[in-house]
Amino acid sequence: MDNHQSTPDSEEPAPSQDKNTNNLPIDNEIYYKGILKEFYDLEICSLEELKGSIDGRVFKALCTNGRSYFLKDVSRKDFRLAKDTYRMLDLFYEQGIENIVKPLKTKDDDHFIKWRHITLFVYNFLEGETFGEREFLEEEVYKIGEILAQIHSHTTCFEESDLHREKYDGDKSKEIRGTVEMLSVSHMNHPCIEFLKEHKNLMLNRIDRMIDLEKSLSKQKLDKVISHTDCHGFNIMGLPNGSIYLIDWDRMTLSTREADISFFLHDEHTARAFKQGYETKAEHTDLDFELLEYHLLKRPFEDFISLGPASGFQGKITELVKMVLEPLLHIPHKLEVARAVYKSVH
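Below, the structure is looked at part by part.

What follows concerns the sheet that holds strand β11 (residues 253-255). Overall, mixed pairing links the three strands, which are arranged β7-β11-β8 in an open sheet. In this open sheet, the two edge strands, each paired with only one partner strand, are β7 (164-165) and β8 (225-227). Here two bridges tie β7 to β11, and the two strands are oriented parallel to one another. What sits directly across from Arg-165, in β11, is Leu-254.

Here it is, written out as structure tokens:
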């Protein structure tokens, strides 16, 4: 093998056909084409940018082999990669949990390429639809419950892994509160700052509730499981044959079951369908309602901060209302649904 390494820690692979990167223009499309050629033996015919995730830019790449691939460039400075996330996906797949989408490996058996300012994942492109724009059918939610129960029941030793770990030490709430207070007095012209002018008191009130919950949770011994933690509709894909897939595992965390179950409390029908699927693969379905409330609170704030001035987000305030305000206002209803469907662990 030559001196152009394809390991994720490599800083200087050569993503070009002639391996002369010094003369490449600063054009990510050329970088992507070179990376796929060098490390995946794939030649891109066309590249289409898709509506992306908060974490980076995403593309559909049609290659000369007639197949399409999904590229995800997560080159954000605050995006921390946990390599064991992708090893864990391999392990799930080997043990029969096939309703997950894992990245393709490079010729050198790596899960992603890190080169200069680019961190790139390559996936097979699934021709289907995500559920971000429509309601789940009950049978679909049932299947999602089955999948997540299998993930949560996984008993692989992960204490020595580099997976993200959920902490309830108060640092997260304090960080969020500091950011909200700082933005609320900023004079920048940005949708997040305009949003705060109207909703600051509500936001700070909910953060204070998070702080109280963390104080309580920090004193408890909590059962940790491998959690997706990002199970919104855009990360759940349905294929024409009826198969359901969980995608975008970048936020995989050693957390609690409540971190995932909190996404399926829209109404009692949804919650019951999910629970029925979940209990076919899991021994326990009782919930800690303090944990559940904490995760219902935390996620909207994480989205709000990720869309702050440093993110480049230039959307409309109405988008923030949908992503941040509405979830915060709906928490009492979701807790009521949870108490109607699930038993408490306490």
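Looking now at the state of the cysteines. Inspection of the entire model under this criterion finds zero disulfides. The closest cysteine sulfur to the non-disulfide-bonded Cys-45 is located on Cys-63, 6.7 Å from its own sulfur.

Residue Asp-109 is not a glycine yet carries a positive backbone phi of 70 degrees. Checked against the element boundaries, Asp-109 lands in the loop between α2 (83-94) and β4 (113-115). The phi angle at Thr-229 is positive, at roughly 70 degrees, despite the residue not being glycine. One can find Thr-229 in the loop between β8 and β9 (236-238). Using a relative accessible area of 15% as the deciding quantity, one classes Thr-229 as buried.

With that out of the way, let us pick up the sheet that holds β9. Reading across from one edge, β6-β9-β10 is the order of the three strands in this open sheet, with antiparallel pairing throughout. Whereas interior strands pair on both sides, the edge strands pair on one side only; in this sheet they are β6 (129-130) and β10 (244-246). Across three bridges, the pairing between β9 and β10 is antiparallel. In the strand pairing of β10, Met-237 is matched with Tyr-245. Helix α3 (residues 138-152) contacts β9 and β10 of the sheet and is inclined by roughly 45 degrees relative to β10.

This paragraph deals with the pairing of strand β3 (residues 68-73). When a strand is regular, its side chains alternate between the sheet's two faces. Within β3, five of the six residues are buried, which leaves it mostly tucked inside the rest of the structure. Pairing of strand β2 (residues 57-63) with β3, which is carried by six bridges, proceeds in the antiparallel orientation. Note on β3: the bridge partner recorded for Phe-59 is Leu-71. Adjacent in sequence and paired antiparallel, β2 and β3 are bridged by four residues, among which Gly-66 carries a positive phi angle near 85 degrees. Bridge count for β3 against strand β5 (residues 118-124) is five bridges, and the pairing is antiparallel. For Leu-71, the partnering residue across the bridge sits in β5 and is Val-122.

Moving on, we come to the environment of Leu-217. Positionally, Leu-217 belongs in helix α5 (residues 191-217). We classify Leu-217 as buried; its relative accessible area is 1%. In this structure the C-alpha to C-alpha distance between Leu-217 and Asp-169, which are 48 residues apart in sequence, comes to 8.4 Å. Discounting residues that sit within four places of it in the chain, Leu-217 has contacts with Tyr-168, Leu-222, Glu-290, Leu-291 and Tyr-294.

Turning to the packing of helix α8 (residues 289-306) against helix α10 (residues 331-341), a few remarks are in order. Interhelical geometry of α8 versus α10 gives an angle of 150 degrees and a closest axis separation of 11 Å. Pair α8 / α10 crosses with right-handed handedness. Touching Phe-289, Leu-292, Glu-293, Leu-296 and Leu-297 of α8 are Ile-331, Lys-334, Leu-335, Ala-338 and Arg-339, all from α10. Within the contact of α8 with α10, the residues separate by chemical class into seven nonpolar, no polar and three charged.

Considering all chains together, one arrives at 14 aromatic pairs under this definition. Their ring planes at 55 degrees and their centres at 5.0 Å tell us that Tyr-32 and Phe-59 sit as a pair that is tilted. Of the two residues, Tyr-32 is situated in helix α1 (residues 28-40) and Phe-59 in strand β2; the sequence distance between them amounts to 27 residues. Here Phe-59 falls in the buried class, since its relative accessible area comes to 4%. Judged by centre distance (4.9 Å) and plane angle (45 degrees), the ring pair of Tyr-86 and Phe-121 falls under tilted. A residue pair is termed long-range when its members are at least 10 positions apart, and Tyr-86 in helix α2 and Phe-121 in strand β5 qualify at 35 residues.

Reading the values: rules and limits
Residues numbered from 1 in each chain as written. Predicted model: local features only at pLDDT ≥ 70, side-chain atom pairs only at ≥ 80, totals over all residues. Heavy atoms only, no water. Pairing = 2+ DSSP bridges. Helix = DSSP H or I, 4+ residues; strand = E, 2+ residues; numbered from the N terminus. Disulfide = S-S within 2.5 Å. Buried < 20%, exposed > 50% of the residue type's maximum accessible area, 1.4 Å probe, protein only. Contact = heavy atoms within 4.5 Å. Axes fitted to C-alpha atoms, helices over the stretch in contact; angles between N-to-C directions. Left-handed = near helix turned anticlockwise from the far one by under 90°. Nonpolar A, V, L, I, M, F, W, Y, C, P; charged D, E, K, R; others polar. Phe/Tyr/Trp six-rings, centres within 6.5 Å; stacked < 30°, edge-to-face > 60°.

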